[in-house]
Amino acid sequence: MPEPGVQPVEVETKQVLSGLESVMVELYAKSGADGFGISPEQFAALIEEVAAKSLTDAAPPAKIEFSKTLRLEDLVLARACAAGNERAWEVFLIRYREKLYEIARQITREDSTGRELADSVYADLFGTRMREGNRVSRLAYYGGRGSLDGWLRTVLAQEFVNTYRKQRRTVSLDEESEEGAQFAATASEPVVPPDPRLESAIDETLRSLESEERFILASYFLDGRTLAQIARALSLHESTISRKIEKLTKGLRKQIVKNLSRKGMSRRQAEEALSADVRDLAVDIRASLAQDSVGSAFSESRAKASEGGG
């Protein structure tokens, strides 16, 4: 029975909050955050931060359900490392140092190059850059939606691509000419003024994907790489990449329509908005897919190596 003078809604709210607190205590214990000196309050703030990036204006119960799907141990370890926790780094080194080298060798197919790649990424993860007096660690961008192992694999693949791009930019114009390179014409202005709601809905949908999913989409649709090339870079089977692409393309449209509906569009308006050619809209698809830890292309040398091996 409610206490005298207390409204039923207030009683229900207290019960909900009490339930959320008990779940959060359970998640905190499961995550191992205490072992890295992360307090329950800090853990709750971390969960809120991660959930807020994927769930817009969601109620606390929905965020709690979302947090149950996260790789909490991986998430806590990554964030503790990003904060400079020595104990966390000891655990990270034991679990992932050699694995980084192994994955890097699989990507580069050469021992010394693989070691250089792994060392470069490790430095980025540890944080050698400073921003406003604070060390910047790439591990701070891991969101816990997929495994830390898979996220690291994607980071390595991206770094491999970025390194190649930097090397390509040093090639002289004469060399480019000899290779028959063509210079792209200046892009024309967008034909259709973009609807801010559509741009926002697409951006939100793409950024909500896991890093590996965005890597796959960018590589396949934006850079024209084959299933085999993508599969080799991520050490997955070609059929797995094919299934992932099929699943992603089906789910993306539904999620964009859902996001548009939340922004005030009717279903019919949303479908009409999506009928426009994305090339005519001022939506930076590549930037959305490149967020966090996504590589947006495979190098030509990687492509040739893949073709030679096939």
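Scroll up to find the structure this text is about.
The following paragraphs examine the structure supplied in this document. Just so it is clear, the structure is predicted and the values come from calculations on it, not from any experiment.

Looking at the overall build of the chain
When you go through the chain residue by residue, the secondary structure sums to 15 helices and two strands. Within the chain, buried positions represent 38% of all 310 residues. Taking as baseline every contact in the chain between residues at least 6 positions apart, the subset at least 24 positions apart corresponds to 69%.

Observations regarding the packing of aromatic side chains
Considering all chains together, one arrives at six aromatic pairs under this definition. Ring geometry for Trp 89 versus Phe 92: centroids 5.3 Å apart, planes at 75°, classification edge-to-face. Of the two residues, Trp 89 and Phe 92 are both situated in helix α5 (residues 86-108); the distance of three residues between them amounts to about one turn of the helix. A relative accessible area of 7% places Trp 89 in the buried class. With a relative accessible area of 0%, Phe 92 lands in the buried category. Counting every residue linked through ring pairs, the aromatic cluster contains Trp 89, Phe 92, Tyr 96, Tyr 122 and Phe 126. Against the face of Tyr 101 rests Arg 115, its NZ or CZ located 4.0 Å from the ring centre.

A look at helix α10 (residues 211-222)
Given a rise of 1.5 Å per residue, twelve residues ought to cover 16 Å, and the 16 Å separating the end C-alpha atoms of α10 matches this to within 8%. Residues Ser 211, Glu 212, Arg 214, Phe 215, Ile 216, Leu 217, Ala 218 and Ser 219 constitute the buried set of α10.

What counts and how
- Residues numbered from 1 in each chain as written.
- Predicted model: local features only at pLDDT ≥ 70, side-chain atom pairs only at ≥ 80, totals over all residues.
- Heavy atoms only, no water.
- Helix = DSSP H or I, 4+ residues; strand = E, 2+ residues; numbered from the N terminus.
- Buried < 20%, exposed > 50% of the residue type's maximum accessible area, 1.4 Å probe, protein only.
- Contact = heavy atoms within 4.5 Å.
- Phe/Tyr/Trp six-rings, centres within 6.5 Å; stacked < 30°, edge-to-face > 60°.
- Lys NZ or Arg CZ within 6 Å of the ring centre and 35° of its normal.
- Expected span 1.5 Å × (residues − 1).

These figures capture arrangement, not role.
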